[in-house]
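# Structural features, examined
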Amino acid sequence: MMQALLHQILSGLANGGIYASVALALVMIYQSTHHVNFAQGEMAMFSTYIAWALIQAGLPYWLAFFLTLGFSFAAGVAIERIVLRPVANAPVLSVVVVFIGLLVILNSLAGWIFSYMIKSFPSPFPSDAWYGSPYLSPHEVGMIAVTLAVLTLVFGFFRFTPLGLAMRAAAQNPASARLVGIRVGWMLAFGWGLAGAIGAVAGMMAAPTLYLDPNMMTGVVLYGFAAALLGGIDNAWGAAAGGFIVGVAENLAGAYLVGTELKLTVALAIIVGVLVVRPAGLFGRTLIVRV
Amino acid sequence: MKPTLLRSLGLSLLLALALAVPFVASGYQIFQATMVLVYAIALFGLNILTGYNGQISLGHGAFYAIGAYSAAILIDHQIVPDWATVPIAGAICLVVGYLFGRPAARLAGLYLALATFALAVATPQILKYRGFEHWTGGSQGIILDKPDPPAFLPIDADQWLYLCCLAVTLVLFVLGRNLLRGRIGRALLAIRDHPIAAASMGIDTARYKAMTFGVSAAYTGIAGALGTFAAAFASPDSFDAFLSLRFLVGIVVGGLGSISGAFFGAAFIEFVPNLADRISKAAPWAIYGVLLILVIYLMPSGVAGLIRAMTQKINRDKETIREET
Amino acid sequence: MLRRIMLMSAATLLLAGPVALAENAPGVTATAIKIGNTMPYSGPGSAYGAIGKADAAYFQMINDQGGVNGRKIDFVTLDDGYSPPKTVEQTRRLVEQDEVAFIFNGLGTPTSSAVQKYLNQKRVPQLFVATGASKWGDPAHFHWTMGWQPDYQTEARIYAKYILQNKPDAKISIIWQNDDFGKDYLIGMKAGLGDKYDKMVVKDVSYEVTDPTIDSQVVSLQASGADTLIIAATPKFAAQTIRKVFDIGWHPLQLLTNVSNSVGAVMTPAGPEKGIGIVSTAYDKDPKDPAWVNDPGMAEWRRFMAKYLPDADVTDANYVYGFGAARTVVQVLKQCGDDLSRDNIMKQAADLKDFALPTMLPGIKINTGPTDYYPIQTLQLQRWDGKNWVLFGDVLSGS
């Protein structure tokens, strides 16, 4: 009984790692542009396909990994400069619709180029490693470790580096940021590039478990979004914590509370309930607006 | 010609065209036209909430589903006559929308978007739930017959349904327009643009927001009921999360905060996917995405926004000409 | 003189009759027949779009060979995104605007259910629906609708029988997809186990297609103490299940739906050694199974793939499925001769006797009759040995 509970929790942490990495990419975009990128999951999926193609062509894993990171960074910058620049001053919802368009394009292109059959994606963590167990495979352990590493990097970047500060300023107050000499346009592009790279990591870490197909990330993005908001979208470690919490809560709800037929509903109801009580998320900052 | 006279003529012409459709088009085309009307009602509902009141909803597909299933269940179990299911569906959605809107009033922007999206994603699962299977038909869904026209009219079921939908559309649009042009409409706009100022002026923002949610849900629910008649079928897979995203696309493309925008948006979401399919069999949704993005580039405020900007420009030019002469 | 004129007129009428019928039949001309189809080429079911591609390629091949009885096949296939309202729209377009002769191989249970009543009311054949739901074999209520593949309930009954015969004390657990497909297996298991169901089935869990993983579900099933697992899951989730079951060190007897036993799409991604011992059923030959490397039937299929679908993934069993279904409908058309009225198409579809396909397992044949609308009703049991599926036992039916 306890064993089963422990198993569910650990399995939830493994899933939570996937949600947390997606949440981190969403946080990266949000902190640098104040937009939520609905196409984040599809960008991650597409990056993973690029990595898969490189590995199929014979490249060793780590070479393919870093080439993909570079490509995803460049693609993120390109998307910001080319696709989003024309709608920079459009109303928020118009930008959201552009994201939806991007999502649909990437999904459809991936299906057309790579077909819809599932593909295996290799894991850099050997399947007989010492840190594996029946509860968590070596890959799942490695994935959690990678997520935490990315989290530390993102947090440290925004908190402690001048570039990170400049990006946050550019997002929060573009006019004032320009006045102090910050190239706001390039800050936004850079933020997108970083988010693209983080998304690629999320995809490449998730694919060995989830199997690679064009719809790999569609279920994950909702949970990643929920996790980011639950933890506080202006807060890297809050969002990551949100991811792990969502993963565990979802598993426990399904296994012990309502059964799997209502698992999704209950998990979402819990998240929404928390948000109603704490509208800025568990670890977010409540902004007080003075008139 | 005076602008209002021109306007009335224009609207009458449109109405005449709309009435002509069932008699010149084929059955399949009438079906498509009926769906445009149905989506227009749903989009109008969503626009009341998002365009006029500033509350983002990514979950209106859920209310469409509730309306659809209410109608389907009532007919399947033969509880009320066909026509009565539409207002009942509206009433049910009004209540559900209000109940959802009350706590949701506390959420803003992104958080509300997530809460509504969660509702949209959870809807198919709730509809498939074993406990409700006796009523909802579970994954199989409910199959209905299209309502028959009254015996004395020499038209078929498709035409009858179209005309009924047209009548409902007109009634709902006139009611909604009056609501939005009046005091309540101004209160909604105030809450959208300056919530704190609105509150200090004595508007009970939480109650208004919840009521708006209710009314918006009612409109979309009525659309769902009518849509069920058109399809003669209701199943959980018809109401997935992507439906809610399509509604959002519809109101943005049509034009937020505009009444006529609902029709442009409805036409977009009904016909553009077919157009994309004709252009490319291999990756039709990629074409759809490209078209969507291009539309936003050209018309960031939607079709209605573009028309508004053009008419304003024409009026300004007329003014300039008048002043100069 | 008069008698001769009468005889000649009668003869002319008799000869002209069927031709005239064919010319007046919807979707049919002297040189072509139009066939309609809806498939999910986008959205959650898009993996099955390969079936539509296989159908189209097969008809292309037939056209290159001269068509059927001198008529080319004009195959119109539309995307419905696995969304029932879209299926209604596309089907109405095919019937009312494109005026197809009949609808063939429409994919999906909710999607095909949405148009079943409409097609039957309009008296348009809905042939060889591409799903295993049991509802398609009901000629008394839906004369114009017919399925093709063995239905899921029959398959589940076969598994139930297998368990009762080989492991009567089994503690059974079931993982099922939360839709018609998964539910049909539950119904079939209940039918097969009868009143033993409540005692033997200790736990069943469902999952949604939108769930990223099913790890939690598998863990719950292991915790229930079951020693037998029925996997009613689509390929991606079946692969995840097989892998997870192995990784957590659980070794139940596993029975896997034939929808998800493709070597290329499921067994290899899951890890070939992780599925050793899994029992499944089949009616088609698997393209990646080494047993059929030299089989003339599969060789014919491979030639077809190389010529008409050179860029397709040949490990995808959907292409075998489409090939088989398309060949079946071409057989129906051949049997129709020149009378391609919808009535006759339906009549010939319900008159297939011992029709064999090169891609089907030996011993499995297609049979239909006016009260038997289940073309394929037999399945072969097979066991995974780490490299191939090894057939065992006799060809079985569900009863």
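Residues numbered from 1 in each chain as written. Chains lettered and ligands numbered in written order. Predicted model: local features only at pLDDT ≥ 70, side-chain atom pairs only at ≥ 80, totals over all residues. Heavy atoms only, no water.

## Focus on the overall build of chain A
When helices and strands are tallied, chain A shows 11 helices and 0 strands. Taking the principal axes of the C-alpha coordinates as reference, chain A spans close to 60 × 50 × 35 Å. Within the span of chain A, comprising 291 residues, buried residues form 63% of the whole. Put simply, 75% of the contacts in chain A that link residues at least 6 apart link residues at least 24 apart. Accessible surface, chain A as shown: approximately 11100 Å² in total, 71% of it carbon and sulfur. Counting 11 positive and 8 negative side-chain charges, chain A places the averaged centre of each group 20 Å from the other. (Helix = DSSP H or I, 4+ residues; strand = E, 2+ residues; numbered from the N terminus. Buried < 20%, exposed > 50% of the residue type's maximum accessible area, 1.4 Å probe, protein only. Contact = heavy atoms within 4.5 Å. Areas by Shrake-Rupley, 256 points an atom, 1.4 Å probe, with all protein chains shown as cover. Lys, Arg positive; Asp, Glu negative; His and termini not counted. Charge placed at Lys NZ, Arg CZ, Asp CG, Glu CD.)

## Some remarks on the packing of aromatic side chains
Scanning the model with the defined rule gives 46 aromatic pairs over all chains in all. Here the aromatic rings of Phe 65 of chain A and Phe 66 of chain A are separated by 5.2 Å at their centres, their planes lie at 80°, and the arrangement is edge-to-face. Overall, Phe 66 of chain A belongs to the exposed group, its relative accessible area being 52%. Measuring from ring centre to ring centre gives 4.4 Å for Tyr 207 of chain C and Phe 237 of chain C, while their planes differ by 40°; the resulting arrangement is tilted. In this pair, Tyr 207 of chain C is assigned in strand β7 (residues 201-207) and Phe 237 of chain C in helix α9 (residues 235-247), connecting sequence segments 30 residues apart. Owing to a relative accessible area of 3%, Phe 237 of chain C belongs among the buried residues under this scheme. An aromatic cluster is defined as three or more aromatic residues linked by ring pairs; in this entry it consists of Tyr 61, Trp 62, Phe 65, Phe 66 and Phe 121 of chain A. Against the face of Trp 186 of chain A rests Arg 81 of chain A, its NZ or CZ located 4.4 Å from the ring centre. Lying across the ring of Phe 392 of chain C, Arg 383 of chain C places its NZ or CZ 4.3 Å from the centre. (Phe/Tyr/Trp six-rings, centres within 6.5 Å; stacked < 30°, edge-to-face > 60°. Lys NZ or Arg CZ within 6 Å of the ring centre and 35° of its normal.)

## Thoughts on the interface of chain A and chain C
Between chain A and chain C, the contact holds 29 residues from the first and 37 residues from the second. Taken together, the two surfaces of chain A and chain C that pack against each other cover about 2600 Å², and 51% of this comes from carbon and sulfur. Counting across the interface, chain A meets chain C through 2 salt bridges. Of the charged contacts in the structure, one is a salt bridge between Asp 213 of chain A and Lys 236 of chain C, with a shortest N-O distance of 3.8 Å. (Buried area = accessible area lost by both parts, 1.4 Å probe. Salt bridge = Lys/Arg side-chain N within 4 Å of Asp/Glu carboxyl O.)

## Details of the confidence of the model for chain C
Residues and elements named next belong to chain C. Across chain C, the average pLDDT comes to 89, with 93% of residues at or above 70. Mean pLDDT in chain C bottoms out at helix α1 (residues 2-24), which sits at 51, and peaks at strand β8 (residues 228-232), which reaches 96. Predicted confidence for residues 15-22 stays below pLDDT 50, and this span has 7 contacts to residues more than four positions away or in other chains. Scored by ipTM, the complex comes to 0.87, with pTM at 0.89. (pLDDT = per-residue confidence, 0-100.)

## Some points on helix α3 (residues 60-76) of chain B
Here α3 of chain B contains 17 residues, and its C-alpha end-to-end distance of 24 Å stays within 8% of the 24 Å for a straight helix at 1.5 Å per residue. Following α3 of chain B by one or two positions, Gln 78 of chain B has its phi on the positive side, about 50°. (Expected span 1.5 Å × (residues − 1).)

## Details of the pairing of strand β1 (residues 32-39) of chain C
The side chains of a regular strand alternate, first on one face of the sheet and then on the other. Residues and elements named next belong to chain C. Where burial is concerned, most of β1 is hidden: 6 out of the 8 residues are buried. Taken together, β1, helix α2 (residues 49-64) and strand β2 (residues 72-79) constitute a β-α-β crossover, and its handedness is right-handed. Looking at chain direction, β1 and strand β3 (residues 102-104) are connected through 2 bridges and run parallel. Bridge pairing in β3 links Ile 35 to Phe 102. (Right-handed = clockwise from strand over helix to strand, strands pointing away. Pairing = 2+ DSSP bridges.)

## Some details on the environment of Glu 300 of chain C
Residue and element names in this part refer to chain C. With respect to the helices and strands, the residue Glu 300 is situated in helix α11 (residues 296-308). For the pair Glu 300 and Val 320, spaced 20 residues apart in sequence, the C-alpha separation works out to 11 Å. Apart from the residues within four sequence positions on either side, Glu 300 is in contact with Phe 323, Arg 327 and Pro 358.

## Considering the pairing of β2 of chain C
Residues and elements named next belong to chain C. The element β2 is largely enclosed, with a buried count of 6 among its 8 residues. Note: β1 against β2, 8 bridges, orientation parallel. The partner of Gly 36 across the bridge, within β2, is Val 76.

## Brief notes about the packing of helix α2 (residues 27-52) of chain B against helix α10 (residues 205-231) of chain B
Residues and elements named next belong to chain B. At a minimum axis separation of 7 Å, α2 and α10 run at an interaxial angle of 170°. Taken together, the axes of α2 and α10 are roughly antiparallel relative to one another. Residue-level inspection shows Phe 31, Thr 34, Met 35, Val 38, Ile 41, Ala 42, Phe 44, Gly 45, Leu 46, Ile 48 and Leu 49 of α2 in contact with α10, the latter providing Thr 212, Phe 213, Val 215, Ser 216, Tyr 219, Thr 220, Ala 223, Leu 226, Gly 227, Ala 230 and Ala 231. When its residues are assigned to classes, the contact of α2 with α10 shows 16 nonpolar, 6 polar and no charged. (Axes fitted to C-alpha atoms, helices over the stretch in contact; angles between N-to-C directions. Parallel < 35°, antiparallel > 145°, perpendicular 65-115°, else oblique. Nonpolar A, V, L, I, M, F, W, Y, C, P; charged D, E, K, R; others polar.)

## Describing the pattern of salt bridges
In total, this model carries 21 salt bridges over all chains according to the counting rule given. The residue Arg 207 of chain B makes a salt bridge to Asp 204 of chain B at a minimum N-O spacing of 3.9 Å. A residue is classified by how much of its surface remains accessible, and Arg 207 of chain B, at 44% relative accessible area, is partly exposed. Owing to a relative accessible area of 39%, Asp 204 of chain B belongs among the partly exposed residues under this scheme. A salt bridge links Asp 295 of chain C to Lys 285 of chain C; its shortest N-O distance comes to 2.8 Å. Of this pair, Asp 295 of chain C sits in the loop between β10 (279-282) and α11 while Lys 285 of chain C sits in the loop between β10 and α11, and the two are 10 residues apart along the sequence. Both residues of the pair, Asp 295 of chain C and Lys 285 of chain C, count as buried. Via salt bridges that share partners, Lys 146 and Asp 158 of chain B together with Arg 92 and Glu 96 of chain C belong to a single interconnected network.

## Re the interface of chain B and chain A
When the parts of a complex come together, some accessible area is lost, and that lost area is often taken as the interface size. Counting residues at the interface gives 38 residues for chain B, matched by 45 residues for chain A. For the chain B and chain A pair, buried surface summed over both sides reaches about 3600 Å², with 81% attributable to carbon and sulfur atoms. Of all residues in chain B, the largest losses of buried area upon contact with chain A belong to Tyr 111, Leu 114 and Gln 125 of chain B, amounting jointly to 19% of the total for that side. At the surface where chain B touches chain A, the tally comes to 0 salt bridges. Connecting chain B to chain A are 5 residue pairs in polar contact (both at pLDDT 80 or more). Residues belonging to the side of chain B that touches chain A are distributed by class as follows: 33 nonpolar, 3 polar and 2 charged. (Polar contact = N/O pair within 3.5 Å; in protein donor to acceptor, adjacent residues only side chain to side chain.)

## Describing the confidence of the model for chain A
Of all residues in chain A, 98% attain a pLDDT of 70 or more, and the chain-wide mean is 87. Ranking the elements of chain A by mean pLDDT puts helix α11 (residues 263-277) of chain A last with 80 and helix α2 (residues 40-56) of chain A first with 95.

## What about unusual backbone geometry?
Among all residues except glycine, the phi angle is most often negative; among peptide bonds, the trans geometry is most common. The residue Gln 78 of chain B is not glycine, and still its phi comes out positive at about 50°. Looking at where Gln 78 of chain B falls in the secondary structure, it is placed in the loop between α3 and α4 (82-104). Gln 78 of chain B gets classed as exposed once you look at its relative accessible area, which sits at 70%. The backbone of Asn 105 of chain C sits at a positive phi, close to 60°, despite the residue not being glycine.

## Regarding the sheet that holds β10 of chain C
Residue and element names in this part refer to chain C. The strand order β7-β6-β8-β9-β10-β11-β12 describes an open sheet built from 7 strands, whose pairing is mixed. What marks the edges here is a single partner per strand, and that holds for β7 and β12 (389-397). The sheet shows a mean angle of 20° between the axes of neighbouring strands, taken without regard to direction. As judged from the 4 bridges shared by β10 and strand β11 (residues 378-384), these two strands associate in the antiparallel manner. Residue pairing in the sheet places Thr 281 in a bridge with Leu 381 of β11. Relative to the sheet, helix α6 (residues 180-193) contacts β6 (172-177), β7 and β8, its axis offset from that of β6 by approximately 150°.

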